[in-house]
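Structure assessment
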Amino acid sequence: MRKIGALGIIGIASPREYGGSKAGHLPALIAVEEIARVYPSLAFILEVTQAPLYMIETWGTPEQKQAWLPPLIRGEKIAAVAATEPTGGSDLATLNTTAVVDGDGYVLNGRKVYITNGGVGDWVLVLARTGERASVLTVEKGTPGFVVSRRQEMMGFKSGDVCELGFSNCRVPKANLIGKEGGGQAVAMATFTVSRAAVGAVGLGIARGAFEIALKYAKERTLYGKPIANLQAIQFMLVDMDTEIDAARWLIYRPAACLDRGMAPRDIGKLSARAKYIGGEVAASVTMKAMQVLGGYGVSPEYHLARLLADAVEIFPATGMPQIMKFIQALEILK
Ligand SMILES: Cc1cc2nc3c(=O)[nH]c(=O)nc-3n(C[C@H](O)[C@H](O)[C@H](O)COP(=O)(O)OP(=O)(O)OC[C@H]3O[C@@H](n4cnc5c(N)ncnc54)[C@H](O)[C@@H]3O)c2cc1C
């Protein structure tokens, strides 16, 4: 993260006064895609980091922005967003984590699961119930009552740090409230809408990486005295992969391009859910086809493709299940 921070990659969409380059959401998304081609885990960590950045940039106080954004953009500090609970990530309205006002702070209690950067994170932006509604609170690493309960091993994204977190009478200063008290659902929903397309871009990058491996292999592997690229069955798989990638690319770029043209997150809900959905589909479909082109080598962990296959399935649940992505689109189509 320090290396990509020094290259200016983390802050591509962030304001210049905090060290970003404000180049836009689309360039930031393309950076995620390009990294995912070769290193999906890192691309995913980069994507996840965009969520706390966006929250702080959009709803943070001037003091919060000054304190948290520059080190995050430089990659010197790492942040996480903790929304999912053991009782179900799809139903964020039913939050069991609570934050109760106590003097000049909140007392936080609850559990969060599958939190990327949860263990290595210097700050965790926690979605918690404050009375009837939700709020976002930044919890600093080392705060008494905040524990990283365990690292959760996943099939893919092996260098990702996905953790279960516990909060037990954890005191958080009121100065760490992001946005208004009770405004947490709106903050979380807008943030996920903005960051979802970048998860799709991780899927797109994985698909491109898998396609490149399959194409190279098809030209090099000879059977019956000729490269297997001469076999029509292989050609058709390569064409399908290339077509799927091409089609997915424009669906995935579109919400980011819309944001860069001034549209608000509420206007791109369907587009970003669709981008995330198609990113999972293209990653899974193309890596499965690439696996078939490579024959037995496709499933050997000695080859990079097996890693891409494992990473591809992680796209499905990350920032919301495919069914939830369809649900969001249906809401907009039917209204
Ligand atoms: C690699 C990875 C990284 C992650 N990082 C983070 C993170 O940083 N922060 C964070 O907060 N969370 C994170 N998550 C959690 C992720 O957001 C959740 O896993 C996801 O939202 C699904 O929640 P769940 O696993 O509890 O499944 P559930 O919500 O229990 O869903 C179970 C099944 O029910 C279906 N379902 C649920 N509701 C409906 C409905 N209304 N209609 C139809 N079907 C429905 C789902 O589609 C799914 O098939 C991460 C997950 C992964 C895999």
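The following paragraphs examine the structure supplied in this document.

What counts, and at which threshold
- Residues numbered from 1 in each chain as written.
- Predicted model: local features only at pLDDT ≥ 70, side-chain atom pairs only at ≥ 80, totals over all residues.
- Heavy atoms only, no water.
- Core = buried A, V, L, I, M, F, W, Y, C linked by side-chain atoms within 4.5 Å.
- Buried < 20%, exposed > 50% of the residue type's maximum accessible area, 1.4 Å probe, protein only.
- Helix = DSSP H or I, 4+ residues; strand = E, 2+ residues; numbered from the N terminus.
- Contact = heavy atoms within 4.5 Å.
- Near = heavy atom within 4 Å.
- Polar contact = N/O pair within 3.5 Å; in protein donor to acceptor, adjacent residues only side chain to side chain.
- Areas by Shrake-Rupley, 256 points an atom, 1.4 Å probe, with all protein chains shown as cover.
- Nonpolar A, V, L, I, M, F, W, Y, C, P; charged D, E, K, R; others polar.
- Domains from an automatic or database assignment.
- Axes fitted to C-alpha atoms, helices over the stretch in contact; angles between N-to-C directions.
- Parallel < 35°, antiparallel > 145°, perpendicular 65-115°, else oblique.
- Left-handed = near helix turned anticlockwise from the far one by under 90°.

As for the nonpolar core
Judged by nonpolar contacts, the single largest core of 77 residues is most densely connected at L125, V202, M241, V286 and V293. Looking at this core, the element that brings in the most residues is helix α5 (residues 184-220), giving 15 residues. Contacts of V202, omitting those with residues within four sequence positions, involve V32, A36, P40, A43, F44, E47, F157 and I315. Formed by 18 residues, the second largest nonpolar core is a distinct cluster that contains V124, A128, C163 and C170.

Let's talk about the site of the ligand
The environment of the ligand is made up of 20 residues, and the closest members are T84, G89, S90, Y114 and Q323. Within the backbone of A83, a nitrogen or oxygen atom sits 2.8 Å from an oxygen atom of the ligand. With respect to the ligand, the side chain of Q323 contributes an N or O atom lying 2.7 Å from an oxygen atom. When the ligand is considered free in solution it has 980 Å² of accessible area, and contact with the protein chains removes 68% of it. For the shell around the ligand, the secondary-structure elements that each account for two or more residues are β1 (79-82), β3 (105-116) and α9 (322-334). Looking at the shell around the ligand, the element that brings in the most residues is β3, giving three residues. In the shell around the ligand, the residues fall into eleven nonpolar, eight polar and one charged. Counting contributing residues, the shell around the ligand receives three or more from each of domain 2 (80-181) and domain 3 (185-334).

Focus: the packing of α5 against helix α8 (residues 304-314)
Angle between the axes and distance between the axes: these two values describe a pair of packed helices. Closest axis-to-axis distance for the α5/α8 pair is 10 Å, and the angle between their directions is 155 degrees. One element, α5, and the other, α8, form an angle in the roughly antiparallel class. Pair α5 / α8 crosses with left-handed handedness. Packed against α5, whose contacting residues are I206, G209, A210 and I213, the element α8 presents H304, L305, L308, D311 and A312 at the interface. Class assignment of the residues belonging to the contact of α5 with α8 gives a composition of six nonpolar, two polar and one charged.

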